[in-house]
Amino acid sequence: MRINQQAPLAAPGIELWLVDLEVPAREHEAPAPGDWLDEAERARAARFHFERDAHRYRASHTALRHLLAQRTGVAAAGLRFGAGRHDKPRLDLPGAPAFNMSHSGRWALIGIGGQAPIGVDIEAPREMGELMALAERNFTTTECRELLALPEAGRLRAFLRCWTRKEACLKAIGSGLSIEPGLFEAGTTPEQRTTTVPVSDQACQVTVLSVDVDREALAAVAWLEPGSRHLAF
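Residues numbered from 1 in each chain as written. Predicted model: local features only at pLDDT ≥ 70, side-chain atom pairs only at ≥ 80, totals over all residues. Heavy atoms only, no water.

Of all hydrophobic cores here, the largest spans 18 residues; its most connected members are Val19, Leu68 and Ile110. Elements supplying a minimum of two residues to this core: β2 (15–20), α2 (51–72), β5 (99–104) and β6 (107–112). Residue contributions to this core peak at 5 residues, all from α2. Not counting residues up to four positions away in its chain, the partners in contact with leucine 68 are Gly73, Leu79, Phe81, Leu91, Pro97, Phe99 and Ile112. (Core = buried A, V, L, I, M, F, W, Y, C linked by side-chain atoms within 4.5 Å. Buried < 20%, exposed > 50% of the residue type's maximum accessible area, 1.4 Å probe, protein only. Helix = DSSP H or I, 4+ residues; strand = E, 2+ residues; numbered from the N terminus. Contact = heavy atoms within 4.5 Å.)

What follows is the structure, given as structure tokens:
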């Protein structure tokens, strides 16, 4: 794997790292995939049917430990993880930084921030049938209208851009898809925006931004505004 830091963001202390899970790293860059994983991670990797997928899992989780060890000063193999109500991972460490990881195909995207919850998502384009039907089930009326206004050849990337933005927002909150993505607007264009996500009986303010990672993939990062409710714990 090869780990590259992305350009600084207009975000509150968030670092983004893009990991190519299929390119061997030079010796000084990162450890061999799997060296630092705990028993649960090794067991999860062993359940994959294809070795390619198992390798990508080991590589992404090794990269995550590598980066969190650099940030916290705790040995990578000694890091311990817990999970929130909707299985969002967290570090079992006092004052631990917020982090999030997403992977698609050969790519993993890792975000590491401060104390405020963050979410990231990355998607490698792939053929999708019934694109507008999917949009109508998951996007707002405005977002669907934006897609329809585009030439058909450009709709897939716009769809995935919007999807990554919605996923990043929901991962920042810690809800996963327990909150329907069509209930809030993330937008089909890449600029930063703050959106309102319904969390139980409250309105949660989340800021989301699309990020340039690689021409083969689309990605987004989101973070909660101060005072907003989250479900991560």
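Turning next to the pairing of β2. Burial within β2 is extensive, with 5 of its 6 residues counted as buried. Where strand β1 (residues 2–5) lies against β2, 4 bridges are found, and the strand directions are antiparallel. The residue bridging isoleucine 3 from the neighbouring strand is valine 19, located in β2. Two elements, β2 and β6, share 6 bridges in a ladder whose sense is antiparallel. What sits directly across from leucine 18, in β6, is leucine 109. (Pairing = 2+ DSSP bridges.)

We now examine the sheet that holds strand β10 (residues 217–224). What holds strands together in a sheet is hydrogen bonding between their backbones, with the strands either parallel or antiparallel. Across the sheet, 4 strands lie side by side as β7-β10-β9-β8; this open sheet has antiparallel pairing. Looking at the sheet topology across the chains shown, the edges are occupied by β7 (118–123) and β8 (193–199). Adjacent strand axes in the sheet meet at a mean angle of 30° when their direction is disregarded. Of the strand pairs in this sheet, β7 and β10 are connected by 6 bridges, and their pairing is antiparallel. Its bridge partner lying in β10, glutamate 123 is registered against leucine 218. (Axes fitted to C-alpha atoms, helices over the stretch in contact; angles between N-to-C directions.)

This part is about the environment of arginine 145. Within the fold, arginine 145 resides in helix α4 (residues 141–148). Residue arginine 145 is classed as exposed on the basis of its relative accessible area, which comes to 51%. Spatially, the C-alpha atoms of arginine 145 and alanine 135 are 9.9 Å apart, while their sequence positions differ by 10 residues.

Here we take up the environment of glutamine 115. Tracing the backbone shows glutamine 115 in the loop between β6 and β7. Given a relative accessible area of 59%, glutamine 115 falls into the exposed group. In sequence terms glutamine 115 and glycine 13 are 102 residues apart; their C-alpha atoms lie 9.7 Å from each other. Each residue touching glutamine 115, except ones within four places of it in the same chain, is listed here: Gly95, Ala96, Pro97 and Ala98. Polar contacts involving the side chain of glutamine 115 include one to the main-chain carbonyl oxygen of glycine 95, which spans 3.4 Å. At 3.4 Å, the side chain of glutamine 115 and the backbone oxygen of alanine 96 are in polar contact. (Polar contact = N/O pair within 3.5 Å; in protein donor to acceptor, adjacent residues only side chain to side chain.)

What follows is about the pattern of salt bridges. The final tally for this structure, using the stated rule, is 10 salt bridges. For arginine 52, the salt bridge is made with aspartate 53, and the minimal N-O distance between the two is 3.7 Å. A relative accessible area of 23% means that aspartate 53 is categorised as partly exposed. Linked through salt bridges whose partners overlap, the residues forming this network are Asp38, Glu41 and Arg65. (Salt bridge = Lys/Arg side-chain N within 4 Å of Asp/Glu carboxyl O.)

This part is about the confidence of the model for the protein chain. Counting all residues, the mean pLDDT for the protein chain is 89, and 91% of those residues have values of 70 or more. Highest mean pLDDT in the protein chain belongs to α4 (97); lowest belongs to β1 (84). (pLDDT = per-residue confidence, 0-100.)

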